[in-house]
Amino acid sequence: MKFRHLIVQGLMLAICFTWLRAGEKPQLKIDYEKYELKNGLQVILHDDKSDPIVSVAILYHVGSNREEVGRTGFAHLFEHILFQESQHVGQDQFFKKIQNAGGTLNGGTFEDGTVYYEIVPKNALEMVLWMESDRMGFLLSTVTQEAFENQQSVVQNEKRQRVDNRPYGHTSYVIDKLLYPAGHPYSWQVIGSLADLSNATLKDVHNFYHQWYGPNNATLVIAGDFNKKKTKKLVEKYFGEIKRGPAIEDPTVRLAHLNETKRAFHEDNFANAPELNMIFPTVQQYSDDAYALDVMAELLADGKKAPLYKIVVEEQKLAPSVSAYQNSSEIAGSFKVRIRAFPDKNLTDVEKAIQTSFVRFEKDKFSAADLDRIKAKIETNFYNGISSILSKSFQLALYNEYAGSPDFITKDISKLLAVSSDDIWRVYNKYIKGKNYVLTSFVPKGKTALVAENSTVFPVVEEKIAGLDEAKAGGEKTESTAIGKISSSFDRTVEPAKGPAPKISMPKIWSHTYKNGLKIYGIEQKELPLVQFRLTLHGGHLLDDLGKVGVANLMTDIMMEGTANKTPVELEEAIDGLGASIRMWTSDEAIQINCNTLSTKLGQTYGLFEEILLQPRWDEKEFARVKAQTIEGINRSAVRPASVSQHVFNKLLFGKNHILAYPLSGSAKVVTEIAIDDLKAFYGRYFSPSVSYIAIVGDISKKEAIKLFQPLEKKWPAKTVKFPEYKKPAAVEKSKLYFVDFPKAKQSQIRIGYLALAATDDDYYPAVVMNYKLGGNFNSNVNMILREEKGYTYGARSGFRGGRMVGPFVASAAVQSNATFESLQIFKDELEKYRRGISDADLEFTKNALILSNARRFETLGAIMNILTNIENFGRSRNYVTEHEAFVRKFNIEQHQKLAQKYITPEKMIYLVVGDAETQAGRLVELGFGEPVMLDKNGDPVVVK
């Protein structure tokens, strides 16, 4: 289900509430104070002293829906510009100052708004208010033509990364152009038109900011551990003098209407399987019909009983999965069904299958139990997002701006849970049955025979890969629009003092070992009536046989498909009926089962967990489906440049005789040959408490937790597990350059590195600290040059990725194609320069960022869980956080340089590029590593015929 009220840019949102311990239902109680400054800024304060941190979020009621035809992309552009500098906060200092204080920050733009946030130790609150107020009221004097053009380049690379260089990237563009009439605010994309941005003048940009970024068009939320009286005075000091902007009215609802069904197709350069989207125009957010459509989507597509799943996946075997959701925004909404089919399936058949599913939905209907199960899951998901103050900040701001008051949370969840069977049938008949829709077919290049019948081609303008000099010449402007300094009633050049940093203390950790060797670690945290526990079985992909790679990965899929006592449908319904979450996955070094549940449902959730662990069903029918789904996933990853670069890089690092050279999902050919007996044998050999441990956090005591898992002591006998041994691959003696061709790629994926350290090595954490300024944060050297200075990428980074086994040092970025050589040269130069040492200021920044950020280490159940897993997985002490902090405090320039010279060795690294060979490979010989070695997408040498 896509929660319109819970997700912005992928971030879960939530609010505080009070739990009634005597019952199972929470009683919502808003805990906030709201007031308004004279300039119209709405301020919400939420006091939460559970951790010594504070969150500041500002939501501007301006998204892409405030733009005009020919002037699109401005809201998203300003999301970037506001991080550059303002009149009293210097160039690139926003990220640096927040990170230097131990905090984190970011922003996001969506159709209806733009949000900025910071989370910092509580002593840095005044600094954050100084910075946020500066970019609200004192920005435009710094928005020059140069700054404007630099961020245009960053936005272009964001589009290349998220849209142009990935399968189905243009889907939303095509859908919105067909669904909404020309000029409708949702008819263009949030990222905007690159042509519009290129044609925009600096005056256009200034005018947009003047219109929409005033205090009277924003909500400021401060949540966390702060003094309310002092904070009010600070808000007035920093924001009170900012002038009110023009009067702004909320956008008018403009629902989409279709007079006919529209069918269009696009040949996708990167897709290897056809995808069909069926979209019906519906209603805006918070309307009664939107809630019913939310629930209807779950009934249609979610779970093994859902008609879309039954017909499309099980009966007709057209696709590995299905999805349907209601997308409700401020002024319109839509209901989408998406089917990404198997490679050889015709989308005409898929469209017919969807219509058949609708008929099945009408015929079979759904039971009251089905509706209750969906509601239980919705309710738990709603409340599960309450664990962070950032989530609370977002939710308060969203309800305030779009629903009129933070109090709307009580109505929002109530309206969802009040949806009745009659409501669902009403909206089905009103918006879906027999109604016109938009139908899009995205098919692989040259596979137009798979397009749904009666579709016409939709024009999508593809970017031409120009030379770097040519691209720069085409974008030059000479306009100069100067804005004078903006006056203030006090000296804003003085950065507020932060005061003493809050002290941290490790949470109390307990442990126990059962007679069968199973270990359990726990941390009690009673802030919320939630419990999360995770079983980890060491091994994972490492236990795969080189001749049958992919068995470990299939294990975690098939074990969730029923138990000896429950069919797949019954297990799914049992989990959902509890409002619980049970997930299972495989990684390179482990298999894990993770459970999240209300504490009142813990016993029942454990019962299901035990069944899954000890009584696998080994369902042959589901195994065939899981294999088909896995093979399709493998095929899809083969057309994603980012996935290919990771797979090929691992093969170059580890060599063909090491299991980690191969993706844990295996190859399509090998997975086809894997039998269910292979999985049974894997289970018999490797599932043992002797190589396992449990981590549990939340509303449960040590005594209760030990008793909960006590049955496993007798039911799960230990066995000896033998791990295969692999020789450490030979070190790289001389740097070499490799190239994988992705014709017409708009970006090049760059990977640079070598096998360095395991996380258990003594030098591992010191090396992580050493790397921080090179590529371990936004203000790192490589990111500041490649993104902020050059505009070649959306992000560049470097880091050590060791586990229990040795892992690589990797420097990476996805760069615009025509800057491939330049980006590689910059990486090479920066790696060499870093060996010569860093400044005292850079070392101080590193220390502050790593030490002060510990205040944020224990806020959520997930964060606390990570503490436990790090202790067991890597043999760390229970006080490792404070031990690491003590190490960083003593870390000096000499230690830094010694580590850099030992582990940053650009002359002994693998350099890999995945991109367009025709336009980019030729010049790379100038790097000094010889001619690029051409590889195929499996990492094997290309044979020249």
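Residues numbered from 1 in each chain as written. Predicted model: local features only at pLDDT ≥ 70, side-chain atom pairs only at ≥ 80, totals over all residues. Heavy atoms only, no water.

J.: Can you help me understand the confidence of the model for the protein chain in this one?
T.: Regions with low pLDDT carry predicted coordinates that are not meant to be interpreted in detail. When pLDDT is averaged along the protein chain, the result is 91; 94% of the residues meet or exceed 70. In this model, residues 1-24 is a region of pLDDT below 50 whose contacts with residues beyond four sequence positions or in other chains number 88 contacts. (pLDDT = per-residue confidence, 0-100. Contact = heavy atoms within 4.5 Å.)

J.: Help me understand the pairing of strand E12 (residues 275-281), please; the structure alone is not making it clear to me.
T.: Every regular strand shows the same layout, with side chains that alternate between the two sheet faces. Extensive coverage of E12 is indicated by the burial of seven of its seven residues. Along E12, one buried face is formed by Glu275, Asn277, Ile279 and Pro281 and the opposite face, lined by Leu276, Met278 and Phe280, is buried too. Sheet analysis places E12 next to strand E14 (residues 333-340), joined by seven bridges and oriented antiparallel. Paired with Asn277 across the bridge in E14 is Arg338. (Buried < 20%, exposed > 50% of the residue type's maximum accessible area, 1.4 Å probe, protein only. Helix = DSSP H or I, 4+ residues; strand = E, 2+ residues; numbered from the N terminus. Pairing = 2+ DSSP bridges.)

J.: Just to check I follow, could you spell out the sheet that holds strand E13 (residues 323-328) for this structure?
T.: The pairing of strands in a sheet happens through backbone hydrogen bonds and is either parallel or antiparallel. Overall, mixed pairing links the six strands, which are arranged E13-E14-E12-E15-E11-E16 in an open sheet. Of all the strands in the sheet, the pair left with one neighbour each is E13 and strand E16 (456-457). Bridging between strand E11 (residues 262-268) and E16 involves two bridges; their strand directions are parallel. Bridge assignment links Phe265 to a residue of E16, and that residue is Val457. In the packing of helix H11 (residues 347-364) onto the sheet, the strands contacted are E11, E12, E14 and strand E15 (438-444), and the crossing angle to E12 comes to about 45°. (Axes fitted to C-alpha atoms, helices over the stretch in contact; angles between N-to-C directions.)

J.: Looking at this structure, I do not really get the pattern of salt bridges. What am I missing?
T.: Where charged atoms from two side chains of opposite charge come close, those side chains can pair. Applying the stated criterion across every chain yields a total of 53 salt bridges. Of the charged contacts, one joins Glu495 and Lys97 as a salt bridge, the two residues approaching to 2.6 Å between their closest N and O atoms. Of this pair, Glu495 sits in the loop between helix H16 (468-474) and strand E17 (510-513) while Lys97 sits in helix H2 (residues 93-100), placing them 398 residues apart in sequence. Lys97 sits in the buried class, given a relative accessible area of 18%. Glu789 serves as the salt-bridge partner of Lys790, at 3.9 Å between the closest nitrogen and oxygen. Judged by relative accessible area, Lys790 falls into the partly exposed class, the value being 37%. Accessibility expressed as a relative area gives 51% for Glu789, which makes it exposed. (Salt bridge = Lys/Arg side-chain N within 4 Å of Asp/Glu carboxyl O.)

J.: Could you clarify how one ought to interpret the nonpolar core in this entry?
T.: It is characteristic of soluble globular proteins that their nonpolar side chains tend to be buried jointly. Met296 and Phe335 are the most contacted members of the largest nonpolar core, which totals 78 residues. Per-element tally for this core: the top contributor is helix H9 (residues 288-301), with ten residues. Dropping the residues within four chain positions of it, Phe335 is found in contact with Met278, Ile279, Phe280, Thr282, Leu293, Met296, Ala297, Leu300, Ala324, Tyr325, Gln326 and Ile432. Counting 59 residues, the second-largest nonpolar core is a separate cluster that includes Ile58, Val89, Phe95 and Phe208. (Core = buried A, V, L, I, M, F, W, Y, C linked by side-chain atoms within 4.5 Å.)

J.: Which parts of the structure should I look at to understand the packing of aromatic side chains?
T.: We describe a pair of aromatic rings using the distance from one ring centre to the other and the angle between the two ring planes. Within this structure, the stated rule accounts for 44 aromatic pairs. Geometrically, the ring pair formed by Phe74 and Phe208 is edge-to-face, given 5.5 Å between the ring centres and 80° between the ring planes. One end of the pair, Phe74, is in helix H1 (residues 74-81); the other, Phe208, is in helix H7 (residues 202-212), and 134 residues separate them in sequence. There is no split in this pair, since Phe74 and Phe208 are both buried. Measuring from centroid to centroid gives 6.3 Å for Phe110 and Tyr402, while their planes differ by 70°, and the two rings are edge-to-face. Remark: Tyr402 occurs in helix H13 (residues 389-403) and Phe110 occurs in strand E8 (residues 104-110); sequence separation between them is 292 residues. Classification of Phe110 by relative accessible area gives buried; the value is 13%. Taking relative accessible area as the criterion, Tyr402 reaches 13% and is therefore assigned buried. What links up through ring pairs into an aromatic cluster is the set Tyr60, Phe74, Phe78, Phe83, Phe95, Tyr116, Phe208, Tyr209, Tyr213 and Phe778. The ring centre of Phe845 lies 5.8 Å from the NZ or CZ of Lys96, which sits over that ring. The ring of Phe742 has Lys937 sitting right over it, with the charged end atom 4.0 Å from the ring centre. (Phe/Tyr/Trp six-rings, centres within 6.5 Å; stacked < 30°, edge-to-face > 60°. Lys NZ or Arg CZ within 6 Å of the ring centre and 35° of its normal.)

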